[in-house]
Amino acid sequence: IYSGANRKVQDNVRASKNLVPIERSDRDRSRIAPHNVVVDLADLAKDNKVGAARDIGWSFAASDPRWSKAKGQDSWTDRIGGDSYSFTKSGGGYSIAVNSDGYDDAATKKKLNAANVVVLSVKNRKDRDTTSSLSIVSDTVGSGKVEIHRDGKVLTGTWKRSSKTAPMTFTD
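Thresholds, definitions, all that
- Residues numbered from 1 in each chain as written.
- Predicted model: local features only at pLDDT ≥ 70, side-chain atom pairs only at ≥ 80, totals over all residues.
- Heavy atoms only, no water.
- Helix = DSSP H or I, 4+ residues; strand = E, 2+ residues; numbered from the N terminus.
- Buried < 20%, exposed > 50% of the residue type's maximum accessible area, 1.4 Å probe, protein only.
- Contact = heavy atoms within 4.5 Å.
- Areas by Shrake-Rupley, 256 points an atom, 1.4 Å probe, with all protein chains shown as cover.
- Salt bridge = Lys/Arg side-chain N within 4 Å of Asp/Glu carboxyl O.
- Phe/Tyr/Trp six-rings, centres within 6.5 Å; stacked < 30°, edge-to-face > 60°.
- Patch = residues over 30% accessible without salt bridge, like charges linked within 9 Å, V, L, I, M, F, W, Y side chains within 5 Å.
- Core = buried A, V, L, I, M, F, W, Y, C linked by side-chain atoms within 4.5 Å.

Asker: Explain the overall build of the protein to me, please; I cannot follow it from the model alone.
Answerer: Of regular secondary structure, the protein possesses 3 helices and 14 strands. Considering the protein as a whole, with its 172 residues, one finds that 26% of them fall into the buried category. Within the protein, contacts between residues at least 6 apart in sequence are counted, and of these 38% link residues at least 24 apart. Of the accessible surface of the protein, which amounts to about 12,000 Å², a share of 50% is contributed by carbon and sulfur atoms.

Shown next as structure tokens:
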């Protein structure tokens with residue numbers, strides 16, 4: 001899903017064999033761009049070019065002995081570019097805020113919670129393939145630190161990925 005972007009981005013998306021260009025359904029004007037793109041998931045599910053949702057390969061064990069020894073962490077904030085992403089333990093997961101604004105469902109206005117949060121430490125660089133000086137690319141080939149947050153606790157380890165098409169692995 002993309003917001004329409006500039007012509008160079010649109011050309012790159014349309015030329016990609018791995019992407020299906022889908023324009024946004026709307027923008028939620030109560031949110032700051034670019035975090036305000038709204039898509040009707042029911043309409044998206046009917047689009048035969050997109051195909052059925054697939055498992056991305058991440059699974060979390062119902063129980064793992066490492067969690068009993070994990071460090072407690074009920075809240076934290078990470079920055080990406082000029083934006084801050086805050087997570088606070090809430091109920092069975094974490095409430096989410098982007099630039100101090102709570103993240104909610106655009107249709108129902110219910111606050112969104114994430115059961116698990118995975119934070120990858122990656123190198124970010126300006127996107128040289130577009131004309132926007134605001135766009136960044138996160139390099140996810142190589143290795144770096146990973147934090148996995150769950151139930152108010154955090155496990156740390158290393159992520160590794162040998163190529164763009166290779167699976168990512170997490171080790172501790």
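Asker: Can you walk me through the pattern of salt bridges in this structure?
Answerer: If charged atoms from side chains of opposite charge come close, those side chains can pair. With the rule as written, the count across this model stands at 4 salt bridges. A salt bridge links E147 to K145, with the shortest nitrogen-to-oxygen separation between them at 3.4 Å. Since its relative accessible area comes to 43%, K145 is described here as partly exposed. We note a salt bridge from R150 to D151, for which the minimum N-O separation is 3.9 Å.

Asker: Mind showing me how you'd approach the packing of aromatic side chains here?
Answerer: Geometry of an aromatic ring pair is reported as the spacing of the ring centres plus the angle between the planes. This model, assessed by the stated rule, comprises 2 aromatic pairs. Look at W76 and F87: their rings are 5.0 Å apart centre to centre, the planes differ by 20°, and that puts the pair in the stacked class. Residue W76 is located in strand β4 (residues 75-80), and its partner F87 is located in strand β5 (residues 83-90); the two are separated by 11 residues in the primary sequence. Per residue, the accessibility class of W76 equals that of F87, and both read buried. A centroid spacing of 5.2 Å and a plane angle of 75° characterise the contact between W76 and Y94, whose relative ring orientation is edge-to-face.

Asker: I keep staring at a nonpolar patch on the surface and nothing clicks. Help me out?
Answerer: A cluster of nonpolar side chains, namely I56, W58 and F60, defines an oily patch on the protein surface of about 310 Å² accessible area. Position of F60 relative to the elements: it lies in the loop between α2 (41-46) and α3 (65-68).

Asker: Any chance you could explain the nonpolar core here in plain terms?
Answerer: Nonpolar side chains tend to gather and get buried jointly when the protein is soluble and globular. Membership of the largest hydrophobic core is limited to 9 residues, which are W76, Y85, F87, Y94, I96, V98, A114, V117 and V119. At the level of elements, β5, β6 (93-98) and β9 (116-120) are the ones that each hand at least two residues to this core. In terms of residue count, the dominant contributor to this core is β6 (3 residues). Counting residues in hydrophobic clusters, the runner-up holds 7 residues, among them W67, V146, I148 and L155.

Purely geometric numbers; function is a separate question.
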